[in-house]
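Descriptive structure summary
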Amino acid sequence: MVLNYIFIAFFFIAFVIAVVKLVVLGDVDVFPEIIDSTFSSAKTGFEISLGLTGVLSLWLGIMKVGEKGGVVNVLAKVLSPVFSRLFPSIPNGHPVTGTIFMNIAANMLGLDNAATPMGLKAMKELQTLNPEKERATDAMIMFLVLNTSGLTLIPVSIMVYRAQLGAANPTDIFVPILLATFFSTLAGIIVTSVYQKINLLNRTLLLMLGTMVLAVAGVIWSFSVMSQETMDIVSKTVANVLLLTIIVMFFFAGVRKKVNVYDAFIEGAKEGFQTAITIIPYLIAILVAIGVFRASGAMDWLIHGVAWGVEQCGLDADFVGALPTALMKPLSGSGARGMMVDAMTQYGADSFVGRLASVFQGSTDTTFYVLAVYFGSVGIRHTRHAVTCGLAADLAGIISAIVICYMFFG
(Lines give C-alpha, C1' and ligand atoms only; values in the text may rest on other atoms or scores of the structure.)
Protein backbone atom coordinates (compact mmCIF):
# COMPACT_ATOMS: atom_id res chain seq x y z
CA MET A 1 0.00 0.00 0.00
CA VAL A 2 2.83 2.41 0.88
CA LEU A 3 4.62 1.69 -2.41
CA ASN A 4 1.33 2.43 -4.17
CA TYR A 5 1.15 5.91 -2.61
CA ILE A 6 4.83 6.59 -3.34
CA PHE A 7 4.40 5.42 -6.95
CA ILE A 8 1.46 7.79 -7.48
CA ALA A 9 3.15 10.65 -5.60
CA PHE A 10 6.23 10.55 -7.84
CA PHE A 11 4.10 10.94 -10.97
CA PHE A 12 1.85 13.61 -9.43
CA ILE A 13 4.77 15.72 -8.15
CA ALA A 14 6.56 15.36 -11.49
CA PHE A 15 3.46 16.48 -13.39
CA VAL A 16 2.87 19.53 -11.19
CA ILE A 17 6.49 20.65 -11.46
CA ALA A 18 6.50 20.08 -15.22
CA VAL A 19 3.37 22.23 -15.63
CA VAL A 20 4.95 25.02 -13.56
CA LYS A 21 8.17 24.86 -15.59
CA LEU A 22 6.22 24.94 -18.87
CA VAL A 23 3.72 27.70 -18.00
CA VAL A 24 5.84 29.92 -15.75
CA LEU A 25 9.38 29.32 -16.99
CA GLY A 26 8.58 28.49 -20.61
CA ASP A 27 10.55 25.22 -20.49
CA VAL A 28 9.20 23.38 -23.54
CA ASP A 29 11.62 20.47 -23.11
CA VAL A 30 10.41 19.27 -19.72
CA PHE A 31 7.52 17.09 -20.92
CA PRO A 32 9.54 15.40 -23.71
CA GLU A 33 12.30 14.70 -21.17
CA ILE A 34 9.82 13.13 -18.77
CA ILE A 35 8.29 10.93 -21.46
CA ASP A 36 11.76 9.91 -22.68
CA SER A 37 12.64 8.96 -19.11
CA THR A 38 9.71 6.53 -18.95
CA PHE A 39 10.99 4.61 -21.98
CA SER A 40 14.63 4.67 -20.89
CA SER A 41 13.75 3.63 -17.31
CA ALA A 42 11.55 0.78 -18.53
CA LYS A 43 14.39 -0.40 -20.78
CA THR A 44 16.83 -0.16 -17.87
CA GLY A 45 14.49 -2.17 -15.63
CA PHE A 46 14.23 -4.94 -18.21
CA GLU A 47 17.99 -4.96 -18.81
CA ILE A 48 18.66 -5.22 -15.07
CA SER A 49 16.21 -8.11 -14.81
CA LEU A 50 17.79 -9.77 -17.84
CA GLY A 51 21.23 -9.37 -16.29
CA LEU A 52 19.95 -10.84 -13.03
CA THR A 53 18.65 -13.96 -14.80
CA GLY A 54 22.08 -15.53 -15.20
CA VAL A 55 23.27 -14.45 -11.75
CA LEU A 56 20.11 -15.71 -10.06
CA SER A 57 20.28 -19.01 -11.89
CA LEU A 58 23.92 -19.44 -10.85
CA TRP A 59 23.54 -18.58 -7.17
CA LEU A 60 20.20 -20.23 -6.54
CA GLY A 61 21.71 -23.32 -8.15
CA ILE A 62 24.64 -23.15 -5.72
CA MET A 63 22.26 -22.48 -2.80
CA LYS A 64 20.19 -25.54 -3.73
CA VAL A 65 23.34 -27.69 -3.59
CA GLY A 66 24.18 -26.19 -0.18
CA GLU A 67 20.64 -26.74 1.03
CA LYS A 68 20.62 -30.42 0.02
CA GLY A 69 24.16 -30.82 1.36
CA GLY A 70 23.03 -29.64 4.81
CA VAL A 71 25.20 -26.48 4.99
CA VAL A 72 22.24 -24.12 5.32
CA ASN A 73 20.75 -26.25 8.10
CA VAL A 74 24.05 -26.16 10.02
CA LEU A 75 24.18 -22.37 9.76
CA ALA A 76 20.56 -22.17 10.89
CA LYS A 77 21.30 -24.16 14.05
CA VAL A 78 24.40 -22.14 14.89
CA LEU A 79 22.63 -18.79 14.44
CA SER A 80 19.35 -19.84 16.02
CA PRO A 81 20.01 -18.24 19.49
CA VAL A 82 20.51 -14.77 17.97
CA PHE A 83 18.06 -14.95 15.09
CA SER A 84 15.30 -16.29 17.34
CA ARG A 85 15.39 -12.89 19.11
CA LEU A 86 15.52 -10.72 15.98
CA PHE A 87 13.14 -13.01 14.05
CA PRO A 88 10.89 -14.50 16.75
CA SER A 89 8.33 -15.72 14.18
CA ILE A 90 10.87 -18.00 12.46
CA PRO A 91 10.93 -21.50 13.99
CA ASN A 92 14.22 -22.47 15.66
CA GLY A 93 16.59 -24.13 13.24
CA HIS A 94 14.58 -23.25 10.12
CA PRO A 95 16.79 -23.29 6.96
CA VAL A 96 15.88 -19.68 6.11
CA THR A 97 18.10 -18.56 9.01
CA GLY A 98 21.18 -19.83 7.19
CA THR A 99 20.09 -18.19 3.93
CA ILE A 100 19.56 -14.84 5.68
CA PHE A 101 23.03 -15.08 7.16
CA MET A 102 24.57 -15.81 3.76
CA ASN A 103 22.80 -12.78 2.30
CA ILE A 104 23.95 -10.45 5.10
CA ALA A 105 27.52 -11.77 4.88
CA ALA A 106 27.60 -11.19 1.11
CA ASN A 107 26.31 -7.63 1.59
CA MET A 108 28.94 -6.91 4.23
CA LEU A 109 31.68 -8.02 1.83
CA GLY A 110 30.25 -5.95 -1.03
CA LEU A 111 29.40 -9.07 -3.08
CA ASP A 112 26.20 -7.69 -4.64
CA ASN A 113 26.00 -10.40 -7.31
CA ALA A 114 25.87 -13.04 -4.58
CA ALA A 115 23.77 -11.07 -2.07
CA THR A 116 20.73 -10.47 -4.29
CA PRO A 117 20.10 -14.13 -5.24
CA MET A 118 20.55 -15.19 -1.62
CA GLY A 119 18.19 -12.44 -0.50
CA LEU A 120 15.52 -13.51 -2.99
CA LYS A 121 15.97 -17.10 -1.87
CA ALA A 122 15.46 -16.00 1.75
CA MET A 123 12.29 -14.08 0.82
CA LYS A 124 10.89 -17.14 -0.94
CA GLU A 125 11.53 -19.25 2.16
CA LEU A 126 10.03 -16.58 4.45
CA GLN A 127 6.94 -16.56 2.25
CA THR A 128 6.37 -20.25 3.07
CA LEU A 129 5.94 -19.18 6.72
CA ASN A 130 3.56 -16.36 5.80
CA PRO A 131 -0.13 -17.05 6.57
CA GLU A 132 -1.25 -13.97 4.56
CA LYS A 133 0.56 -14.24 1.23
CA GLU A 134 0.07 -10.59 0.14
CA ARG A 135 1.00 -9.04 3.51
CA ALA A 136 4.58 -8.66 4.71
CA THR A 137 5.46 -10.49 7.92
CA ASP A 138 7.57 -9.04 10.74
CA ALA A 139 10.44 -11.34 9.77
CA MET A 140 10.35 -10.13 6.15
CA ILE A 141 10.45 -6.51 7.25
CA MET A 142 13.36 -7.02 9.67
CA PHE A 143 15.25 -8.88 6.94
CA LEU A 144 14.68 -6.12 4.39
CA VAL A 145 15.69 -3.39 6.84
CA LEU A 146 18.96 -5.23 7.44
CA ASN A 147 19.44 -5.13 3.66
CA THR A 148 18.41 -1.51 3.08
CA SER A 149 20.59 -0.23 5.92
CA GLY A 150 23.52 -1.26 3.72
CA LEU A 151 25.99 -2.70 6.26
CA THR A 152 29.22 -2.94 4.24
CA LEU A 153 32.71 -3.73 5.48
CA ILE A 154 34.65 -3.38 2.23
CA PRO A 155 33.40 -0.59 -0.12
CA VAL A 156 35.76 -1.54 -2.96
CA SER A 157 33.80 0.06 -5.83
CA ILE A 158 33.65 3.48 -4.15
CA MET A 159 37.40 3.47 -3.54
CA VAL A 160 37.95 2.55 -7.19
CA TYR A 161 35.83 5.51 -8.37
CA ARG A 162 37.78 7.84 -6.10
CA ALA A 163 41.07 6.56 -7.49
CA GLN A 164 39.87 7.05 -11.07
CA LEU A 165 38.82 10.63 -10.29
CA GLY A 166 42.22 11.58 -8.93
CA ALA A 167 41.86 11.27 -5.15
CA ALA A 168 45.23 11.53 -3.42
CA ASN A 169 44.18 8.83 -0.95
CA PRO A 170 41.13 6.96 -2.32
CA THR A 171 40.82 4.87 0.85
CA ASP A 172 40.47 7.80 3.27
CA ILE A 173 36.68 7.34 3.27
CA PHE A 174 36.93 3.70 4.39
CA VAL A 175 36.59 4.32 8.14
CA PRO A 176 33.84 6.99 7.80
CA ILE A 177 31.78 4.65 5.57
CA LEU A 178 32.23 1.79 8.03
CA LEU A 179 31.04 3.95 10.93
CA ALA A 180 28.11 5.50 9.04
CA THR A 181 26.82 2.17 7.72
CA PHE A 182 27.14 0.64 11.20
CA PHE A 183 24.98 3.37 12.76
CA SER A 184 22.49 3.05 9.89
CA THR A 185 22.12 -0.68 10.51
CA LEU A 186 21.90 -0.22 14.28
CA ALA A 187 19.18 2.41 13.87
CA GLY A 188 17.28 0.14 11.47
CA ILE A 189 17.34 -2.72 13.98
CA ILE A 190 16.20 -0.46 16.84
CA VAL A 191 13.34 1.20 14.92
CA THR A 192 12.08 -2.11 13.54
CA SER A 193 12.31 -3.70 16.99
CA VAL A 194 10.20 -0.88 18.44
CA TYR A 195 7.52 -1.45 15.76
CA GLN A 196 7.57 -5.20 16.32
CA LYS A 197 7.92 -4.98 20.13
CA ILE A 198 11.16 -6.95 20.17
CA ASN A 199 13.11 -6.66 23.43
CA LEU A 200 16.71 -5.81 22.54
CA LEU A 201 17.80 -5.64 26.18
CA ASN A 202 18.61 -9.33 26.58
CA ARG A 203 21.96 -11.00 26.98
CA THR A 204 22.04 -12.71 23.60
CA LEU A 205 21.32 -9.61 21.52
CA LEU A 206 23.54 -7.38 23.64
CA LEU A 207 26.35 -9.89 23.17
CA MET A 208 25.74 -9.90 19.41
CA LEU A 209 25.75 -6.09 19.19
CA GLY A 210 28.87 -5.94 21.35
CA THR A 211 30.59 -8.47 19.11
CA MET A 212 29.63 -6.41 16.06
CA VAL A 213 31.14 -3.30 17.65
CA LEU A 214 34.37 -5.15 18.41
CA ALA A 215 34.47 -6.65 14.91
CA VAL A 216 33.99 -3.22 13.31
CA ALA A 217 36.70 -1.77 15.57
CA GLY A 218 39.03 -4.64 14.62
CA VAL A 219 38.48 -4.09 10.91
CA ILE A 220 39.01 -0.34 11.30
CA TRP A 221 42.28 -0.88 13.17
CA SER A 222 43.53 -3.53 10.71
CA PHE A 223 42.94 -1.36 7.66
CA SER A 224 44.21 1.80 9.35
CA VAL A 225 47.74 0.34 9.57
CA MET A 226 47.77 -0.71 5.89
CA SER A 227 48.94 1.29 2.92
CA GLN A 228 46.47 2.19 0.19
CA GLU A 229 47.85 -0.45 -2.16
CA THR A 230 47.81 -3.15 0.52
CA MET A 231 44.25 -2.25 1.53
CA ASP A 232 43.00 -2.57 -2.05
CA ILE A 233 44.70 -5.95 -2.50
CA VAL A 234 43.52 -7.34 0.83
CA SER A 235 39.91 -6.18 0.42
CA LYS A 236 39.56 -7.64 -3.07
CA THR A 237 41.38 -10.86 -2.19
CA VAL A 238 39.47 -11.55 1.01
CA ALA A 239 36.09 -11.02 -0.64
CA ASN A 240 36.82 -13.28 -3.60
CA VAL A 241 38.59 -15.99 -1.58
CA LEU A 242 35.58 -16.19 0.74
CA LEU A 243 33.22 -16.35 -2.22
CA LEU A 244 35.08 -19.24 -3.89
CA THR A 245 35.42 -20.99 -0.52
CA ILE A 246 31.65 -20.89 -0.06
CA ILE A 247 31.06 -22.41 -3.51
CA VAL A 248 33.60 -25.22 -2.93
CA MET A 249 32.24 -25.85 0.58
CA PHE A 250 28.69 -26.20 -0.75
CA PHE A 251 29.79 -28.63 -3.47
CA PHE A 252 31.89 -30.63 -1.01
CA ALA A 253 28.93 -30.87 1.38
CA GLY A 254 26.77 -32.11 -1.47
CA VAL A 255 29.27 -34.79 -2.42
CA ARG A 256 29.61 -35.82 1.24
CA LYS A 257 25.83 -36.21 1.49
CA LYS A 258 25.87 -38.18 -1.78
CA VAL A 259 23.74 -35.55 -3.50
CA ASN A 260 23.64 -35.38 -7.29
CA VAL A 261 25.30 -31.97 -7.36
CA TYR A 262 24.60 -31.33 -11.03
CA ASP A 263 20.87 -32.13 -10.77
CA ALA A 264 20.55 -30.07 -7.59
CA PHE A 265 22.26 -27.13 -9.29
CA ILE A 266 19.91 -27.35 -12.30
CA GLU A 267 16.89 -27.48 -9.98
CA GLY A 268 17.97 -24.31 -8.19
CA ALA A 269 18.91 -22.59 -11.45
CA LYS A 270 15.38 -23.14 -12.77
CA GLU A 271 14.02 -21.42 -9.67
CA GLY A 272 16.38 -18.51 -10.31
CA PHE A 273 15.13 -18.14 -13.86
CA GLN A 274 11.50 -18.04 -12.73
CA THR A 275 12.31 -15.53 -10.00
CA ALA A 276 14.00 -13.20 -12.51
CA ILE A 277 10.88 -13.23 -14.69
CA THR A 278 8.65 -12.54 -11.67
CA ILE A 279 10.42 -9.34 -10.60
CA ILE A 280 10.42 -7.64 -14.04
CA PRO A 281 7.10 -5.71 -13.71
CA TYR A 282 7.84 -4.60 -10.13
CA LEU A 283 11.30 -3.37 -11.04
CA ILE A 284 10.11 -1.50 -14.14
CA ALA A 285 7.32 0.20 -12.14
CA ILE A 286 9.60 1.64 -9.47
CA LEU A 287 12.38 2.64 -11.90
CA VAL A 288 9.94 4.46 -14.21
CA ALA A 289 8.50 6.40 -11.25
CA ILE A 290 11.99 7.38 -10.10
CA GLY A 291 12.98 8.37 -13.65
CA VAL A 292 9.96 10.64 -14.02
CA PHE A 293 10.68 12.25 -10.63
CA ARG A 294 14.27 12.99 -11.64
CA ALA A 295 13.48 14.18 -15.18
CA SER A 296 10.92 16.70 -13.93
CA GLY A 297 13.57 18.50 -11.88
CA ALA A 298 11.89 17.62 -8.57
CA MET A 299 15.17 16.40 -7.10
CA ASP A 300 16.95 19.65 -8.02
CA TRP A 301 14.19 21.76 -6.49
CA LEU A 302 14.33 19.69 -3.32
CA ILE A 303 18.08 20.22 -3.00
CA HIS A 304 17.82 23.99 -3.52
CA GLY A 305 15.04 24.12 -0.92
CA VAL A 306 17.16 22.30 1.65
CA ALA A 307 20.13 24.57 0.98
CA TRP A 308 17.97 27.67 1.45
CA GLY A 309 16.51 26.31 4.70
CA VAL A 310 19.94 25.44 6.12
CA GLU A 311 21.32 28.88 5.27
CA GLN A 312 18.29 30.60 6.84
CA CYS A 313 19.03 28.75 10.08
CA GLY A 314 22.57 30.10 10.03
CA LEU A 315 24.12 26.64 9.72
CA ASP A 316 27.05 25.49 7.62
CA ALA A 317 25.64 24.47 4.24
CA ASP A 318 28.83 22.86 2.88
CA PHE A 319 27.23 19.42 3.06
CA VAL A 320 24.31 20.38 0.79
CA GLY A 321 26.38 19.86 -2.37
CA ALA A 322 26.57 16.15 -1.56
CA LEU A 323 22.87 15.76 -0.71
CA PRO A 324 21.81 14.67 -4.23
CA THR A 325 23.72 11.43 -3.63
CA ALA A 326 22.05 10.91 -0.25
CA LEU A 327 18.54 11.62 -1.52
CA MET A 328 18.99 9.55 -4.67
CA LYS A 329 20.43 6.49 -2.89
CA PRO A 330 17.10 5.17 -1.53
CA LEU A 331 15.63 5.52 -5.04
CA SER A 332 18.33 4.33 -7.42
CA GLY A 333 21.78 2.82 -6.90
CA SER A 334 23.01 3.78 -10.36
CA GLY A 335 21.47 7.25 -10.00
CA ALA A 336 23.22 7.78 -6.67
CA ARG A 337 26.48 6.52 -8.19
CA GLY A 338 26.11 9.10 -10.95
CA MET A 339 25.44 11.82 -8.38
CA MET A 340 28.54 10.78 -6.43
CA VAL A 341 30.73 10.89 -9.53
CA ASP A 342 29.23 14.26 -10.49
CA ALA A 343 29.96 15.67 -7.02
CA MET A 344 33.58 14.50 -7.15
CA THR A 345 33.97 15.85 -10.68
CA GLN A 346 32.45 19.23 -9.85
CA TYR A 347 33.98 19.82 -6.41
CA GLY A 348 37.03 17.52 -6.53
CA ALA A 349 37.51 13.98 -5.23
CA ASP A 350 39.38 15.26 -2.16
CA SER A 351 36.96 18.08 -1.38
CA PHE A 352 34.61 17.87 1.60
CA VAL A 353 31.62 17.44 -0.76
CA GLY A 354 33.41 14.76 -2.80
CA ARG A 355 34.29 12.76 0.28
CA LEU A 356 30.84 13.18 1.86
CA ALA A 357 29.15 12.04 -1.36
CA SER A 358 31.33 8.90 -1.27
CA VAL A 359 30.33 8.22 2.34
CA PHE A 360 26.65 8.76 1.47
CA GLN A 361 26.99 6.23 -1.33
CA GLY A 362 28.43 3.61 1.02
CA SER A 363 26.35 4.21 4.14
CA THR A 364 22.93 2.93 2.96
CA ASP A 365 21.34 0.83 0.22
CA THR A 366 18.65 1.44 -2.41
CA THR A 367 15.58 1.11 -0.16
CA PHE A 368 12.83 1.34 -2.77
CA TYR A 369 14.69 -0.87 -5.25
CA VAL A 370 15.22 -3.55 -2.58
CA LEU A 371 11.60 -3.38 -1.44
CA ALA A 372 10.26 -3.53 -5.01
CA VAL A 373 12.46 -6.46 -6.04
CA TYR A 374 12.28 -8.53 -2.85
CA PHE A 375 8.59 -8.03 -2.14
CA GLY A 376 7.75 -8.29 -5.83
CA SER A 377 9.50 -11.66 -6.09
CA VAL A 378 6.93 -13.21 -3.71
CA GLY A 379 3.88 -11.07 -4.56
CA ILE A 380 3.75 -8.97 -1.37
CA ARG A 381 1.44 -5.95 -1.80
CA HIS A 382 0.92 -4.75 1.78
CA THR A 383 4.37 -3.67 3.01
CA ARG A 384 3.20 -2.40 6.43
CA HIS A 385 6.04 -0.55 8.24
CA ALA A 386 8.84 -1.70 5.92
CA VAL A 387 9.22 1.64 4.11
CA THR A 388 9.13 3.64 7.36
CA CYS A 389 11.80 1.49 9.02
CA GLY A 390 13.94 1.39 5.88
CA LEU A 391 13.85 5.17 5.48
CA ALA A 392 14.57 5.62 9.20
CA ALA A 393 17.76 3.60 8.71
CA ASP A 394 18.58 5.73 5.65
CA LEU A 395 18.06 8.95 7.64
CA ALA A 396 20.33 7.66 10.41
CA GLY A 397 22.95 6.83 7.81
CA ILE A 398 22.72 10.31 6.25
CA ILE A 399 22.96 12.13 9.59
CA SER A 400 25.81 9.89 10.75
CA ALA A 401 27.67 10.44 7.48
CA ILE A 402 27.40 14.24 7.80
CA VAL A 403 28.55 14.28 11.45
CA ILE A 404 31.37 11.80 10.84
CA CYS A 405 32.64 13.64 7.75
CA TYR A 406 32.75 16.92 9.67
CA MET A 407 34.81 15.08 12.31
CA PHE A 408 37.20 13.55 9.78
CA PHE A 409 37.34 16.12 6.98
CA GLY A 410 35.60 19.30 8.17
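Summary of the structure given here. (Residues numbered from 1 in each chain as written. Predicted model: local features only at pLDDT ≥ 70, side-chain atom pairs only at ≥ 80, totals over all residues. Heavy atoms only, no water.)

1. Thoughts on the overall build of the chain
Along its length, the chain carries 17 helices and 0 strands. For the chain, whose C-alpha radius of gyration is 22 Å, the value lies close to the compact-globule estimate of 22 Å for 410 residues. Each principal axis of the C-alpha atoms in the chain carries an extent, and together these give about 70 × 45 × 40 Å. Per-residue burial for the chain yields a buried fraction of 53% across its 410 residues. Taken as a whole, the chain presents about 18300 Å² of accessible surface, with 67% of it coming from carbon and sulfur. (Helix = DSSP H or I, 4+ residues; strand = E, 2+ residues; numbered from the N terminus. Rg over C-alpha atoms; globule rule 2.2 N^0.38 Å. Buried < 20%, exposed > 50% of the residue type's maximum accessible area, 1.4 Å probe, protein only. Areas by Shrake-Rupley, 256 points an atom, 1.4 Å probe, with all protein chains shown as cover.)

2. Points about the packing of aromatic side chains
This model, assessed by the stated rule, comprises 6 aromatic pairs. Ring geometry for F15 against F31: centres 6.2 Å apart, planes inclined by 75 degrees, an arrangement best described as edge-to-face. Within this pair, whereas F15 is found in helix α1 (residues 2-23), its partner F31 is found in helix α2 (residues 30-69), the two being separated by 16 residues in sequence. Note on F31: relative accessible area 28%, which makes it partly exposed. (Phe/Tyr/Trp six-rings, centres within 6.5 Å; stacked < 30°, edge-to-face > 60°.)

3. Regarding a nonpolar patch on the surface
Judged by side-chain polarity, F12, I13, F15, V16, V19, V20, L22, V23, V24, L25, V28 and W301 come together as a nonpolar surface patch covering roughly 1100 Å² of accessible area. Top contributing element to the nonpolar patch by residue count: α1, with 8 residues. Residue V24 is classed as exposed on the basis of its relative accessible area of 63%. (Patch = residues over 30% accessible without salt bridge, like charges linked within 9 Å, V, L, I, M, F, W, Y side chains within 5 Å. Salt bridge = Lys/Arg side-chain N within 4 Å of Asp/Glu carboxyl O.)

4. Looking at the packing of helix α16 (residues 367-378) against helix α17 (residues 386-409)
Put simply, α16 and α17 touch, their axes get as near as 10 Å, and they point 145 degrees apart. Here the hand of the crossing between α16 and α17 comes out right-handed. Contacts between α16 and α17 involve T367, F368, L371 and F375 from the former and A386, V387, G390, L391 and D394 from the latter. Taken together, the residues of the contact of α16 with α17 sort by class into 6 nonpolar, 2 polar and 1 charged. (Axes fitted to C-alpha atoms, helices over the stretch in contact; angles between N-to-C directions. Left-handed = near helix turned anticlockwise from the far one by under 90°. Contact = heavy atoms within 4.5 Å. Nonpolar A, V, L, I, M, F, W, Y, C, P; charged D, E, K, R; others polar.)

5. Structural notes on the pattern of salt bridges
Counted by the stated rule, this structure contains 8 salt bridges. The salt bridge partner of D350 is R355, with a shortest N-O separation of 4.0 Å. What emerges from the salt-bridge pattern is a single network uniting K64, K68 and E267.

6. Considering the side chain of K329
Among the secondary structure elements, K329 is positioned in the loop between α13 (323-328) and α14 (333-347). A polar side-chain atom of K329 sits 2.4 Å from the main-chain carbonyl oxygen of Q361. Of the polar contacts made by the side chain of K329, one reaches the backbone oxygen of T364; its length is 2.6 Å. Excluding residues that lie within four positions of it along the chain, K329 makes contacts with A336, F360, Q361, T364, D365, T366 and T367. (Polar contact = N/O pair within 3.5 Å; in protein donor to acceptor, adjacent residues only side chain to side chain.)

7. A short note on the packing of helix α6 (residues 138-148) against α17
In contact at an axis separation of 9 Å, α6 and α17 are set at 25 degrees when each is read in the N-to-C sense. Taken together, the axes of α6 and α17 lie roughly parallel to each other. Read as a crossing pair, α6 and α17 show a hand that is right-handed. Across the interface between the two elements, I141, V145 and T148 of α6 pack against A386, C389, G390 and D394 of α17. When its residues are assigned to classes, the contact of α6 with α17 shows 4 nonpolar, 2 polar and 1 charged. (Parallel < 35°, antiparallel > 145°, perpendicular 65-115°, else oblique.)

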